[in-house]
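Fold and contact review
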Amino acid sequence: MVDGTRNYDNVAQIGANQDLSIVTEPSQSLDVAGDSKETTWDNNDWAKYNGYYRQNQGGSKAAITQYAVWVVGRGWTTDVATEKRLDKIRGNGTDTFKGILKNALRVKKVGGDSFCEIITSNNKPPEANGRNIINVKPMDAGTTRIIANRAGITIGYEQTISGKKIGKRLEPWQVFHLSNDREGSEIHGISVYEGSTAMLDRIQQLDEDMTIVYHRFVMPFLIFKAKTDKSGELAKLKAELADSLNKGQGLIIPDKSLDTDDFKVPQFSTLNPLDWRKEWKSEAIKDLGMPELHLGSADSTNDASAKMVYFQFEQPVADEQEELEQQILFQLRFKLKLTEPLSIDENTTEDEKKDGNMDGGATENLSNKPIKKENKNPSNSSVNKKL
């Protein structure tokens with residue numbers, strides 16, 4: 001190479017992979033029973049989905065926890081004999097039946113399926129009113145295998161470690177099994193994270209990137225240009241600079257012996273990803289089925305729209321409660337009625353009356369006839385809202 005020139009033949013690109021990929025139409029078949037006598041299914045994605053939940057990515061843990069509280073948080077009503085039996089169910093030893101139900105609801109949302117072992121006093125299927133049930137114990141959704149026959153009917157469950165069966169096979173009546181959004185003839189439920197991980201990953205990546213960016217406002221990326229190339233002097237200078245920066249103290253050096261540069265976000269730049277993050281989080285929370293309003297976030301939500309969001313969420317909660325009641329009756333033989341969440345319908349009616357009086361009676365019923373209040377849940381006449 002000629003003196004005074006630079007050799008760029010070996011220049012290579014560095015940095016994160018930013019290749020653009022073409023968006024294609026998604027395709028996914030159902031996990032159905034095969035032609036063999038038995039078909040098994042293991043939830044191999046449990047650890048991944050549970051990681052999103054436990055790390056609360058995108059606020060998903062709060063959403064799933066609140067969902068369970070809305071469904072069973074206010075308890076239930078039943079007869080005295082059933083209540084006494086439910087009071088004796090202790091799960092792992094310190095659980096309550098209410099806690100077991102909330103646990104099962106959370107797990108079924110996270111993994112798609114939740115399992116609890118049903119233990120009876122006579123080792124026979126639950127009897128009427130669950131009179132022979134002595135315990136309902138939560139199981140590990142990540143190690144529970146579902147077994148179905150050719151017709152797709154569940155015929156048993158097994159516990160596994162590293163794919164190998166341990167213990168005896170449990171009969172269908174021995175497991176209280178809840179599935180989330182089971183599709184078609186699939187033999188298992190669907191996790192809420194299955195279609196949300198891409199959005200949650202974006203949020204997590206943005207949070208990590210912005211942590212670095214905002215930290216650079218306080219501590220810029222510094223470059224020190226030493227007026228020497230001697231390794232001994234450079235090592236000493238490096239140690240002195242590191243010690244000074246770590247302690248937040250000044251450093252005295254001879255004039256013109258060192259120049260500095262820094263890389264940071266320009267002072268008047270428009271780097272504001274918070275709007276994107278808010279939009280992404282809103283979409284992720286919607287995928288989980290829990291409005292942000294019910295998580296205590298009411299940004300950009302006025303009174304009227306907040307009431308509409310509340311009313312719209314009442315229907316899914318009522319549907320989930322009825323489904324859970326039916327599963328408890330079908331699998332455990334306990335008959336109970338879950339208490340519905342508090343409704344704001346009465347307060348809304350009072351507010352509307354006040355608003356009508358404030359505008360000069362414009363909304364007054366001119367015919368002086370009572371206004372008939374319609375059922376808020378016309379698709380399900382068995383669910384009566386408490387006002």
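The present account deals with the structure reproduced in this document. (Residues numbered from 1 in each chain as written. Predicted model: local features only at pLDDT ≥ 70, side-chain atom pairs only at ≥ 80, totals over all residues. Heavy atoms only, no water.)

Let us look at the overall build of the chain. Along the chain, the regular secondary structure elements total nine helices and 11 strands. When each of the 387 residues of the chain is scored for burial, the buried share is 32%. Taking as baseline every contact in the chain between residues at least 6 positions apart, the subset at least 24 positions apart corresponds to 68%. Total accessible area computed for the chain in this model is approximately 25,500 Å², and 51% of it derives from carbon and sulfur atoms. (Helix = DSSP H or I, 4+ residues; strand = E, 2+ residues; numbered from the N terminus. Buried < 20%, exposed > 50% of the residue type's maximum accessible area, 1.4 Å probe, protein only. Contact = heavy atoms within 4.5 Å. Areas by Shrake-Rupley, 256 points an atom, 1.4 Å probe, with all protein chains shown as cover.)

Pairing is antiparallel across the open sheet formed by three strands, whose spatial order is 4-3-8. On the outer flanks of this sheet lie strand 4 (133-138) and strand 8 (175-179), each paired with one strand and no other. Taking the axes of each pair of neighbouring strands and ignoring which way they run, one obtains an average angle of 25° across the sheet. Here five bridges tie strand 3 (residues 113-120) to strand 4, and the two strands are oriented antiparallel to one another. Paired with Ile-119 across the strands is Asn-135, a residue of strand 4. (Pairing = 2+ DSSP bridges. Axes fitted to C-alpha atoms, helices over the stretch in contact; angles between N-to-C directions.)

Residues apart from glycine generally show negative phi values, whereas peptide bonds are mostly found in trans. If you check the backbone angles, Asn-129 has positive phi at about 65° while not being a glycine. Here Asn-129 is to be found in the loop between strand 3 and strand 4. Classification of Asn-129 by relative accessible area gives partly exposed; the value is 39%. Backbone geometry at Asp-181 places phi at a positive 50°, although glycine is not the residue there. Note on Asp-181: relative accessible area 56%, which makes it exposed.

By the secondary structure assignment, Lys-165 is in strand 7 (residues 164-170). Under the relative-accessibility criterion, Lys-165 is labelled partly exposed at 45%. Spatially, the C-alpha atom of Lys-165 lies 9.5 Å from that of Thr-144, the residues being 21 residues apart in sequence. Those residues in contact with Lys-165 that sit more than four places away from it in its chain are Glu-158, Gln-159 and Thr-160.

Moving on to the pairing of strand 5 (residues 144-149). Side chains on a regular strand alternate between the two faces of the sheet. Most of strand 5 sits out of view: five of its six residues are buried. Inspection of the sheet shows strand 1 (residues 38-41) paired to strand 5 by four bridges, in the antiparallel sense. Looking at strand 5, one finds that Thr-40 is bridged to Ile-147. Where strand 5 and strand 6 (residues 154-161) come together, five bridges link them in antiparallel fashion. Paired with Ile-147 across the two strands is Gly-156, which belongs to strand 6. Connecting the antiparallel pair strand 5 and strand 6 is a turn made up of four residues, with Gly-152 showing a positive phi of about 85°.

On their own, these measurements won't tell you what the molecule is for.
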